Amino acid sequence: MEAVYAPRAYNNALDDVYYLLKNGGSIYSTFNIPDKQRLNELAFHLSDSNAAKAEYQNKQGVLSFEGAQEEFYTILPLAMIRLVALNDNKILGIIRLSNFFIKISPILHRQPILVIDGSGSIVGYNRSFLVCSNTADNSKTSLLNKDIKDLISPTPDEIQITESEAFVMPVAEKWQKRLSIDCKDKSLFNSFVRNGAVESDGDALRWRAEEENYSYFRFPEPVDEDMVDIMVRFEISSPSPLPSLMLGENVSTRAEYTPDANGYMAGPLKDFSALQLKKQGETVFAGDNVNLKDFKGICEYIKVGRTFVVNLNGRRAFVYHDFEGLYNKEFCIYLSIRKGDYANIRNLELYIGKRDNPVTVINRFVTIRNEDKRQYLIERMPATIGVALTKRYSVFLLRDASDIRKAMQDLEENYRIALERESKELAFIAESAPMLQIRSLASKAALTNTTVLIQGETGSGKEVLARYVHSVSSYKSGSFMHVDCSTIPSTLMESILFGHSKGAFTGAAADNVGLFQQADNGTLFIDEIHNVSLEVQAKLLRFLEDRTITPVGAKKSIRLNVRIIIATNADLMQMVKDGKFRQDLYYRIAVIVLRLPPLRERMEDIPSLIALLIREFNLKHKRNIAGLCSSAYRSIYDYGWPGNVRELRNVIERAVVFSTGNEICDEDLKFEGADRLAQSQTMHLMKKSRKSGKRIKHKPEEISALIAKNNGYMTRVAEELNVTRQTLYQFIRKYGICPDNYR
């Protein structure tokens, strides 16, 4: 046995044969090698080029590939040994891993990987899955041969069944006939055929496959499978093999592959004993037994969204929902027959059904049945598990999405609340500590008729706050009038605000009702007040003192009941010192001052803001975006947001319009702020921490004390701890601290 070894240069996943065999004790028992044969007899000699290779498959209960990027445990026969005789005394034993492990090895990024067989039993997993399962028995083999239902809910099969049962056929009015060929049009049918021959056969056309593996009938126009539904209907006039439907690439550009190599094929198995659906060349579903070798009648191949349906003579024979879908944008449509087969076809038709909204890949959440109840996004891995295996196996990659799922549930709750509200004025988002305090102050101020001054950076949401004050005040039954003083010429400001009489100035051909009068018994929101001239400021001061106005050119004053809310992004006190703003007016309007923090100082509000924005833009642009992926959230939290909520609105709308999936990804986000370098303090601390390379540790009582000190304002707590906000929340989850207790 000393002569048997596997050099590191050949396979760095294993140190040597001894490492693999130390628990097996014998090369004969570890691999399926006949007990009574000598290794020298089994090995082939390098000098003998005609000798047969001796290759034996592992048959042990469990293999552990501990030398790979991450440990992987399985009962599948994933390794083989090849014996080569170097000379009379030495034999080289080469360990070869199967294609399955080679394929999954490069993507093991500490994501849980799970392998299940056709009966739902767990036959393989990596260490990450073992850890996240959190079972009482922590041995490496504790989960093998268990039913997947005991660990995951819902299972992938349950997801597929639920969606298939929910399938609803579109109404007839949705379908448009794009192609129709009858038995008399041999030349038209033949013009679409590749690698085949077409002959007239009575009242039908006989289509035969020639020398190639397949013969294809390609429909004339490719389709965007995200935007259209497909129905291919044809009649088999006399008993013949049933053709298959293929959705895939142009065969001229993929001559070495079948068109469905990166697409779908729906049709009979090779022995015509049942219907199947193949995805990217692999069978993902097979239906009940039925004789398709001598089929006669009408066949309908239907694809609606992600659901495939096959109707045979008016009876639904097959239905399957691919909950993952593919990312191909455009497919060609084919009918195909294999070499040596034929089909007697007549009345071939293609129907296209356009959809209002594109189909998007649905990310399905599953829950691990353990104490933590963690949730994961499940994704099937297109891995081949070895041609010698007789059972069908599926490999799934699970991505931890518990935090994302919780955020999405919170967003869904915000959707529900937003739908219940009758006006957008109530959509004032306040999740962070400073915004909760502002909402409390605004609610109290709304109970009076006192003038409110709102200060904040451009785009921080001053109008939204003003609408909120109006919506919860006694003036909510009246109008809400908004005037942006930065967009109105100073010469027209007085007339627009207070109105004018006929003939008051050149061009005043009739009386004009100003915004003050239009807002009577309601609210007038004067935005960017610092752009108002000193003369108009004097008239505004007069109204605040005696609640009357005098239109330009009028002789009588008008008494009004108007709530005034004023906003600015300027330093009014400095303008008072510079003589650009009336001091008496400043002190008259600065009774109740609400200072809106910039978005970078209230990042806790971002998830709820994004939720409302996505819902708004889904309706506006007829999209179906579900939310953001985790990497997109990280980019949003790392950005400085110099344009505040207005910039966030623009970024999300652009992402909703251009996103190709049902989630907004990192590449969909385009930040075009006025100052890209104006990053938040959180980003600055993150870079500082990375440079130092030190891991910062803090005690739970220290964190709790700082949260209490700052009234739950997490940005300031992170600044005082000199950590990022993400790191702070990691501490909070680790120590079980509840920030709401300190607000």
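Provided above is the structure to which this section pertains.
What counts and how
- Residues numbered from 1 in each chain as written.
- Predicted model: local features only at pLDDT ≥ 70, side-chain atom pairs only at ≥ 80, totals over all residues.
- Heavy atoms only, no water.
- Buried < 20%, exposed > 50% of the residue type's maximum accessible area, 1.4 Å probe, protein only.
- Helix = DSSP H or I, 4+ residues; strand = E, 2+ residues; numbered from the N terminus.
- Arc of directions from axis to C-beta.
- Pairing = 2+ DSSP bridges.
- Salt bridge = Lys/Arg side-chain N within 4 Å of Asp/Glu carboxyl O.
- Axes fitted to C-alpha atoms, helices over the stretch in contact; angles between N-to-C directions.
- Left-handed = near helix turned anticlockwise from the far one by under 90°.
- Contact = heavy atoms within 4.5 Å.
- Nonpolar A, V, L, I, M, F, W, Y, C, P; charged D, E, K, R; others polar.
- Phe/Tyr/Trp six-rings, centres within 6.5 Å; stacked < 30°, edge-to-face > 60°.
- Lys NZ or Arg CZ within 6 Å of the ring centre and 35° of its normal.
- Parallel < 35°, antiparallel > 145°, perpendicular 65-115°, else oblique.

Trainee: Outline helix 21 (residues 714-721), listing residues and values.
Mentor: The α-helix winds at 3.6 residues per turn, so residues separated by three or four positions along the chain end up facing the same way. Of all the residues in helix 21, the buried ones are Met714, Thr715, Val717, Ala718 and Leu721. The buried residues of helix 21 occupy an angular sector of 160 degrees when the element is viewed end-on, so they sit on one face.

Trainee: Give a description of the pairing of strand 8 (residues 122-126) that names residues and reports values.
Mentor: Within strand 8, five of the five residues are buried, leaving the element largely enclosed by the surrounding structure. Summarising the sheet, strand 7 (residues 113-117) and strand 8 pair through three bridges and their orientation is antiparallel. Bridge pairing links Leu114 to Tyr125 in strand 8. If you look at the hairpin formed by strand 7 and strand 8, you'll find four residues sitting between the two strands, and Gly120 has a positive phi there, around 90 degrees.

Trainee: So what's going on with the pattern of salt bridges? Which residues, and what values?
Mentor: If you walk through the whole model with that rule in mind, you get 15 salt bridges. Arg233 serves as the salt-bridge partner of Glu300, at 2.7 Å between the closest nitrogen and oxygen. Of the two residues, Glu300 sits in strand 21 (residues 295-304) while Arg233 sits in strand 16 (residues 228-240), which places them 67 residues apart along the sequence. A relative accessible area of 14% places Glu300 in the buried class. Between Asp322 and Lys279 there is a salt bridge whose closest N-O contact spans 3.2 Å. With Asp322 in the loop between strand 23 (315-321) and strand 24 (330-338) and Lys279 in strand 19 (residues 274-279), the pair connects residues that are 43 residues apart, well separated along the chain.

Trainee: Before we move on, can you summarise the packing of helix 16 (residues 606-621) against helix 17 (residues 630-638) with the specific residues and values?
Mentor: Relative orientation of the contacting elements helix 16 and helix 17 amounts to 115 degrees, with a least axis distance of 12 Å. The element helix 16 and its partner helix 17 pack so that their crossing is right-handed. Where helix 16 abuts helix 17, its residues Ile606, Pro607 and Ile610 lie against Tyr633, Ile636 and Tyr637. Looking at side-chain class alone, the contact of helix 16 with helix 17 contains six nonpolar, no polar and no charged residues.

Trainee: Explain the packing of aromatic side chains to me, using residue names and the numbers behind them.
Mentor: With the rule as written, the count across this model stands at 19 aromatic pairs. On the numbers, 4.7 Å between centres and 40 degrees between planes, the contact of Phe189 with Phe217 is tilted. Here Phe189 is found in helix 7 (residues 186-191), whereas its partner Phe217 is found in strand 14 (residues 214-218), with 28 residues between them in sequence. With centroids separated by 4.6 Å and ring planes inclined at 55 degrees, the aromatic side chains of Tyr264 and Phe308 adopt a geometry described as tilted. A residue pair is termed long-range when its members are at least 10 positions apart, and Tyr264 in strand 18 (residues 264-268) and Phe308 in strand 22 (residues 307-312) qualify at 44 residues. For Tyr264, a relative accessible area of 2% corresponds to the buried category. On the basis of relative accessibility, which here comes to 3%, the residue Phe308 falls in the buried class. Across from the ring centre of Tyr342, 5.4 Å away, lies the NZ or CZ of Arg208, which sits over that ring.

Trainee: Tell me about the side chain of Ser659, residues and numbers included.
Mentor: Its location among the elements puts Ser659 in the loop between helix 18 (644-658) and strand 37 (663-664). According to the relative accessible area criterion, Ser659 is buried, its value standing at 4%. Not counting residues up to four positions away in its chain, the partners in contact with Ser659 are Arg623, Ile625, Ile664 and Asp668.

Trainee: Describe in detail the packing of helix 16 against helix 18, supporting the description with residues and values.
Mentor: Relative orientation of the contacting elements helix 16 and helix 18 amounts to 45 degrees, with a least axis distance of 9 Å. Viewed along their axes, helix 16 and helix 18 adopt a mutual orientation that is oblique. Regarding helix 16 and helix 18, the two cross each other, and that crossing is right-handed. Judged by residue contacts, Leu609, Ile610, Leu613, Ile614, Glu616, Phe617, Asn618, Lys620 and His621 of helix 16 engage Val645, Leu648, Arg649, Ile652, Glu653, Val656 and Val657 from helix 18.

Trainee: Quick one: what's the story with the sheet that holds strand 31 (residues 523-527), residue by residue and with numbers?
Mentor: One open sheet holds the five strands; their spatial order is 30-31-34-29-35, and the pairing between them is parallel. For this open sheet the edge positions go to strand 30 (480-484) and strand 35 (592-595), each flanked by a neighbour on one side alone. Strand-to-strand twist across the sheet, computed as the mean angle between neighbouring axes with direction ignored, equals 20 degrees. Relative to strand 34 (residues 563-568), strand 31 is paired through five bridges, and the arrangement is parallel. Across the sheet, Phe525 pairs through a bridge with Ile565, a residue of strand 34.

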